[in-house]
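Structural features, examined
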Amino acid sequence: MGSVALRNIRKSYGAVEVLHGIDLDIKEGEFTVLVGPSGCGKSTLLRSIAGLETISGGDIAIDDRVINALVPKERDIAMVFQNYALYPHMTVAKNMGFSLRLAKEPQAEIDRKVRAAAEILDLTALLDRYPRQLSGGQRQRVAMGRAIVRDPKVFLFDEPLSNLDAKLRVQMRSEIKELHQRLKTTTIYVTHDQIEAMTMADKIVVMRGGHVEQIGTPLELYDSPASVFVAGFIGSPSMNFIPAHATGTTLETETGMPLGETPAPLGHNQQVIAGFRPEDIRLSDTGIPAKVALIEPTGAETQLTLRTDEASVIMTTRERVTQTPGGLVHFSVTPGKLHAFDAETELTLAGARQ
Amino acid sequence: MNEQPRTLYWVFLGFVGLVISLYVLFPVFWLFLASFKTQAELAQLPISFWPESPTLDAYKALFSPTHQKGQLLDWPQLIGNSFFIAISSTVIVLVFGTLAGYAFARLNFPGRDLILGGLLISRMFQGAALLLPTYRLMSMIGLQDSLIGLVLLYSAFGLPFATWIIASSLREIPKELEESAMIDGASRLQSMVMVVLPLATPALITASMWHFVGAWSEFAFASILLESNDNKTVTIGLASFVELFTLEFQYVGAAATIVALPIMLVFFFGQRYFTRGLLAGAVKG
């Protein structure tokens, strides 16, 4: 097990800088998820930690030992790739034991460790198979097995579930989390899927354009997003955003519809972006008038698209919906659930906490 | 619905294939049969298709040291020379083609794609245009009439194409496999030998077969460069029959069969590697 510290990590490809000084501390045993849209630099950061990319500046340390100049094999890490990267000409057992073989461990020891890992991952029956004879989920497990066998200080996962179908993805998600709870190995996991990030992480690092946008626990990010970007990225369906301004202690839309109490002291007429989550909307007799544009039941909850004069607003409700498309409704935001972001910087001015 | 037209189509294709095969293979087969006939039988009219009394005399004669049929060439020696040249240059081409191919496929260096394209251009020169300059060059450096000289020459001719085949196939191998190997603790050389090359086996075998067959059957350069009888190759030996006053076809047949044998064996054993989808299961899919 190991702690990981990143200090001002920079990475350039020629004149183009893709990581602009990343700082990050990962505690021993922590499950950290790097999440962000494609091109945000999360994979590059992970590959830099693995030693597959050389960084242009900064320091990477594992257990306080700076490893910038070390080749991957000297970093004591294991990595699971998006496409699994299993060696096609080796059996499952050989795949899993490959690193031990390279480390010249005795064959008996290799067998023992491979068996133990296979036991954990339910791969025992498949040890003599070749990768081409396995299903996607099984290949995924072999890739994890290969990482486990090493007993490294840090596990690195690079979008390991994105090649699986939806159902399997959910299942493997739980398996990886369970595995982490069992082994307690420090894990850095890259994904573009915010649900994976939310469900698995102890700590989420939201990245955008080579910067860290916000670091926090899943619920911290959900309840107190630091920017419009994080607020919109975390949570599904996304947070609703409406341009607004402060009138006294009330936040009003452009047309003067009251949204609720300002979440923080704001200057009079200060322009902000108001944000509220779909589940924080109530239909009520008074409030902002809107037309029901779309009703999408998912079973447990129903998603409604409401159209006001100014914007489209998504709401979700666990109640059965009696409205019909085209019908007129009024809605209001649950008190205390309003966020406000600066209209210029898009950074939070404060907002809902709980 | 259109089952029948499809079937007809395949029957037609099969028929065309059969005709072409017969057209191409009949002379070969004829020569093969001739090698089991006697001189008298070959001379008689009407010509018999199957040997009347099959005999291995022609083969025995080729391999008997006391055999004097007006020809001075020692066939076991020729075969040995040809094997030496073909195998040595194949090994050289394979080793250097693999190293170069790996560099082209995996390393970034200025002018990489230009050079790789240039390798193909070198294939566009007609060998015949190079005969004289090559002869001059080899005499100047004292490598004419030398098996080593021919090995080096064939290696130089074969290397560009082999490199190209190997580089193209290495490019198909996902980079992650090597990255994974390096994280597992392999050096670049180890990841190449233990992960990449086993997966490139079909390409390596294809390149080797291609080169071996070419080197084994090369005639033009061998005939101008090799002078002493001790150094000659099987292709020169075959040609020498024609220079004799009496053309004894059973010997030509026997010799041609022997010369063709290694090539047939190479294809027989190499063929299955062409189609083997070794990469299946490496990545998703």
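What counts and what doesn't
- Residues numbered from 1 in each chain as written.
- Chains lettered and ligands numbered in written order.
- Predicted model: local features only at pLDDT ≥ 70, side-chain atom pairs only at ≥ 80, totals over all residues.
- Heavy atoms only, no water.
- Buried < 20%, exposed > 50% of the residue type's maximum accessible area, 1.4 Å probe, protein only.
- Helix = DSSP H or I, 4+ residues; strand = E, 2+ residues; numbered from the N terminus.
- Pairing = 2+ DSSP bridges.
- Right-handed = clockwise from strand over helix to strand, strands pointing away.
- Domains from an automatic or database assignment.
- Contact = heavy atoms within 4.5 Å.
- Buried area = accessible area lost by both parts, 1.4 Å probe.
- Salt bridge = Lys/Arg side-chain N within 4 Å of Asp/Glu carboxyl O.
- Polar contact = N/O pair within 3.5 Å; in protein donor to acceptor, adjacent residues only side chain to side chain.
- Expected span 1.5 Å × (residues − 1).
- Core = buried A, V, L, I, M, F, W, Y, C linked by side-chain atoms within 4.5 Å.
- Phe/Tyr/Trp six-rings, centres within 6.5 Å; stacked < 30°, edge-to-face > 60°.
- Lys NZ or Arg CZ within 6 Å of the ring centre and 35° of its normal.

Here we take up the pairing of strand β8 (residues 186-191) of chain A. Residue and element names in this part refer to chain A. Among the six residues that make up β8, six are buried, leaving the element largely enclosed by the rest of the structure. Of the two faces of β8, the one lined by T186, I188 and V190 and the one lined by T187, Y189 and T191 are each fully buried. In the sheet, strand β3 (residues 31-35) pairs with β8 via five bridges, with the strands oriented parallel. From the neighbouring strand, F31 faces β8, where its bridge partner is T187. Bridge count for strand β7 (residues 154-158) against β8 is five bridges, and the pairing is parallel. Within β8, the residue paired with V154 across the bridge is T186. A crossover connection joins β7 to the parallel β8 through helix α5 (residues 166-183); in handedness this β-α-β unit is right-handed.

Residues and elements named next belong to chain B. The domain architecture assigned to chain B consists of domain 1 (3-63) and domain 2 (75-275). Once you take the C-alpha centre of each, domain 1 and domain 2 turn out to be 30 Å apart. With twelve residues of domain 1 at the contact, the number on the domain 2 side is 16 residues. Carbon and sulfur atoms supply 80% of the area that domain 1 and domain 2 bury against each other, a total of about 1100 Å² over both sides. Put simply, domain 1 and domain 2 have zero salt bridges between them. Where domain 1 touches domain 2, the interface holds zero residue pairs in polar contact (both at pLDDT 80 or more). For the side of domain 1 that touches domain 2, the secondary-structure elements that each account for two or more residues are α1 (3-34), α2 (39-43) and α3 (57-63). The dominant element in the side of domain 1 that touches domain 2, judged by the number of residues it contributes, is α3, at five residues.

We now examine the side chain of T317 of chain A. You can see T317 of chain A is positioned in strand β18 (residues 312-317). Within the structure, the side chain of T317 of chain A is placed 3.0 Å from the backbone nitrogen of E319 of chain A, a separation counted as a polar contact.

Turning next to the domain arrangement of chain A. How large an interface is tends to be reported as the accessible area lost when its parts come together. Residue and element names in this part refer to chain A. You can read the domains of chain A as domain 1 (4-232) and domain 2 (238-351). Just the C-alpha atoms count here: the centres of domain 1 and domain 2 sit 38 Å apart. If you look at the interface, domain 1 gives nine residues, while domain 2 gives eleven residues. Together domain 1 and domain 2 conceal approximately 880 Å² of surface at their shared face, both sides included; 54% is due to carbon and sulfur atoms. On the domain 1 side of the interface with domain 2, the three residues burying the most area are Y222, V228 and A231, jointly 55% of the side's total. Inspection of the region where domain 1 meets domain 2 yields five residue pairs in polar contact (both at pLDDT 80 or more). Every element with two or more residues in the side of domain 1 that touches domain 2 is listed here: α7 (218-223) and α8 (228-233).

With that out of the way, let us pick up helix α10 (residues 201-217) of chain B. Compared with the 24 Å implied by 1.5 Å per residue over 17 residues, the 24 Å span of α10 of chain B between its first and last C-alpha is a close match. What α10 of chain B keeps buried is the set P202, A203, L204, A207, S208, M209, H211, F212, V213, A215 and W216 of chain B.

This next bit is on the nonpolar core. Membership of the largest hydrophobic core comes to 51 residues, with the highest contact counts inside it found for L156 and I188 of chain A. With five residues, the single largest contributor to this core is helix α9 (residues 188-199) of chain B. Discounting residues that sit within four places of it in the chain, L156 of chain A has contacts with L46, I49, A50, I77, A78, M79, V80 and I188 of chain A. V33, L134, I148 and F155 of chain A belong to the second-largest nonpolar core, a separate cluster that totals 44 residues.

Here the focus is the packing of aromatic side chains. A complete count under the given rule lists 19 aromatic pairs over all chains for this structure. Considering the side-chain rings of F157 of chain A and Y189 of chain A, the 5.5 Å spacing of their centres and the 35° angle between planes classify their relative orientation as tilted. Here the residue F157 of chain A occupies a position in strand β7, and Y189 of chain A occupies one in strand β8, the gap between them amounting to 32 residues. By the burial criterion, F157 of chain A is buried, and Y189 of chain A matches it. Each ring, one from F26 of chain B and one from W30 of chain B, has its centre 6.1 Å from the other, and the planes form 25°; the classification is stacked. In this pair, F26 of chain B and W30 of chain B are both assigned in helix α1, four residues apart and thus about one turn of the helix distant. Here F26 of chain B falls in the partly exposed class, since its relative accessible area comes to 41%. You can call W30 of chain B partly exposed: its relative accessible area is 29%. Grouping aromatic residues by their ring pairs yields a cluster made of F29, F32, F36, W50 and Y59 of chain B. Positioned over the ring face of Y130 of chain A is R132 of chain A, at 5.1 Å from the centre of the ring.

Take the sheet that holds strand β1 (residues 4-13) of chain A next. Residue and element names in this part refer to chain A. Spatially, β2-β1-β4-β5 is the arrangement adopted by the four strands of the open sheet, whose pairing is antiparallel. Both outer strands of the open sheet, β2 (16-26) and β5 (65-66), are each paired with one neighbouring strand and no more. As judged from the eight bridges shared by β1 and β2, these two strands associate in the antiparallel manner. The residue of β2 that forms the bridge with K11 is L19.

Moving on, we come to the pairing of strand β14 (residues 271-276) of chain A. Residues and elements named next belong to chain A. Of all six residues that make up β14, five are buried, and the element is covered over most of its length. Of the pairings in the sheet, the one linking strand β11 (residues 240-247) to β14 comprises six bridges and is antiparallel in character. The residue of β14 that forms the bridge with A244 is V272. Sheet topology places β14 next to strand β20 (residues 339-342); four bridges connect them, and they run antiparallel. Bridging from a neighbouring strand, G275 pairs with H339 of β20.

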